[in-house]
Amino acid sequence: MDGAAADARDGGPRRKQVLLAAPRGYCAGVDRAVETVEKALEHYGAPVYVRKEIVHNKHVVEVLSRRGAVFVDETDQVPEGARVVFSAHGVSPAVREAAAARSLQTLDATCPLVTKVHREAVRFARDGYSILLVGHEGHEEVEGTAGEAPDHVTLVDGPESVDAIEVPDPSRVVWLSQTTLSVDETMETVRRLREKFPQLADPPSDDICYATQNRQVAVKKVAARADLVIVVGSANSSNSVRLVEVALQHGATSSYRVDSAAELRDEWFDGVDVVGVTSGASVPEVLVDDVLASLADRGYGEPEEVRTATEDLVFSLPRELRTNLGLTPTGGSGRGGASSSCSTS
């Protein structure tokens, strides 16, 4: 038996560990969106307007604001003829039409995986399907997807809402989903939908994005060994909030979401030997580094990485921006570790 185990058995000093989930942090869509605003500011100069938050992270929005990005709620807040970036969460056709009516120069930073869901909605609506969109009411991504086929889309906000769903033709119904949901909860929602609508069709490929799934798989593995799991991410980040829920469902005694290390509270660590750390898909690694430094100050050892996937996908910058910058079709840096689930363990 090693010394740490003997100490723990005898009531002496205990080894304080940190388990660091991987993958974590920036996904390909977030990296592309943030870089779109950065490159637009460098090339065109400030101000560059952004409809909604470019990604759901307080730190990222504050940094870009200091560099000259102006965040607005709607296109009518953008001066006519100015340049505006659509966020990673996507927009509805109505928003695009409103931007065109004001002669705005648009840069579309919608995540390609969100665009895929939009295209599915258009296709299934054209084919006469009722679309059951699994997602959270009021989320920007849901609003954008529903806006592609508003007469065909019914929102299904969790398993408990299934009983109230009605469709004109139960033989022509399909489910789609927001890309940042809990995989387990979504599958439970779909199971209940299928019980009610046995002929329910599936999307042609998984709508929950690779990054959301990978981060949930990693936090499950961490939570099985951790007393406490810290999730770095903002309150309006759906995938960050889901990571807290997943950690609690898969073994962690407690789990908290923080925007930064400054929000850590001493009482969370009372009697805690093993702390897990992860971050949502819109979180820059510098915020995780700050949390790890705070844990080190509290006596926790060098982090042990718990890796469940290796990611390497990079999305190209929007076509309009690539053209203006003179970049190749694959132009984009992948600075934030943008990636795909091409290798898992």
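Residues numbered from 1 in each chain as written. Predicted model: local features only at pLDDT ≥ 70, side-chain atom pairs only at ≥ 80, totals over all residues. Heavy atoms only, no water.

A. Up close: the sheet that holds strand β7 (residues 153-156). If you walk across this open sheet you meet the three strands as β7-β6-β8, and the pairing is parallel. Looking at which strands have only one partner, the edges of the open sheet turn out to be β7 and β8 (173-177). Strand after strand, the sheet turns through a mean of 30° between neighbouring axes, direction not considered. Of the pairings in the sheet, the one linking strand β6 (residues 130-134) to β8 comprises five bridges and is parallel in character. Following the sheet pairing, Leu 132 is matched in β8 by Trp 175. Sheet strands touched by helix α5 (residues 112-126): β6 and β8. Its angle to β8, the strand with the most contacts, is close to 165°. Where helix α7 (residues 183-196) meets the sheet, it contacts β6, β7 and β8, and its direction lies at approximately 170° from that of β8. (Pairing = 2+ DSSP bridges. Helix = DSSP H or I, 4+ residues; strand = E, 2+ residues; numbered from the N terminus. Axes fitted to C-alpha atoms, helices over the stretch in contact; angles between N-to-C directions. Contact = heavy atoms within 4.5 Å.)

B. Here's a closer look at helix α10 (residues 285-297). Along its 13 residues, α10 runs 19 Å from first to last C-alpha, staying within 8% of the 18 Å computed at 1.5 Å per residue. Taken as a whole, α10 has its buried residues at Leu 287, Val 288, Val 291, Leu 292, Ser 294 and Leu 295. An end-on view of α10 places all buried positions within 160° of arc, on one side of the element. Looking at the packing, one finds that the buried side of α10 touches β1 (17-22), α3 (58-67), β9 (228-232) and β11 (274-279). Just downstream of α10 lies Gly 299, where phi reads positive at about 95°. (Expected span 1.5 Å × (residues − 1). Buried < 20%, exposed > 50% of the residue type's maximum accessible area, 1.4 Å probe, protein only. Arc of directions from axis to C-beta.)

C. Examining the side chain of Ser 177 more closely. Looking at the secondary structure, you find Ser 177 in strand β8. When neighbours within four sequence positions are excluded, Ser 177 is seen to be in contact with Val 117, Leu 133, Val 134, Glu 141, Thr 186, Asp 207 and Ile 208.

D. Structural view of helix α2 (residues 28-44). For α2, with 17 residues, the first-to-last C-alpha span of 24 Å sits near the 24 Å given by 1.5 Å per residue. At the exit of α2 stands Gly 45, carrying a positive phi of roughly 85°.

E. Fine view of the nonpolar core. Residues Val 37, Ile 54, Val 55, Val 60 and Val 85 are the most contacted members of the largest nonpolar core, which totals 29 residues. Among the secondary structure elements, those contributing two or more residues to this core are α2, β2 (48-51), α3 and α8 (210-223). Broken down by element, this core gets its largest block of residues, seven residues, from α2. Sequence-distant contacts of Val 60, defined by excluding residues within four places in its chain, comprise Tyr 26, Val 34, Ile 54, Val 55, Ser 282 and Pro 284. (Core = buried A, V, L, I, M, F, W, Y, C linked by side-chain atoms within 4.5 Å.)

F. Up close: the packing of α2 against α3. Orientation of α2 relative to α3, taken along the N-to-C sense of each, is 10°, at an axis distance of 11 Å. Classified by the angle between their axes, α2 and α3 sit roughly parallel to one another. In this structure, α2 uses Val 34, Val 37, Glu 38, Leu 41 and Glu 42 to contact α3, whose residues at the interface are Val 60, Leu 64 and Arg 67. When its residues are assigned to classes, the contact of α2 with α3 shows five nonpolar, no polar and three charged. (Parallel < 35°, antiparallel > 145°, perpendicular 65-115°, else oblique. Nonpolar A, V, L, I, M, F, W, Y, C, P; charged D, E, K, R; others polar.)

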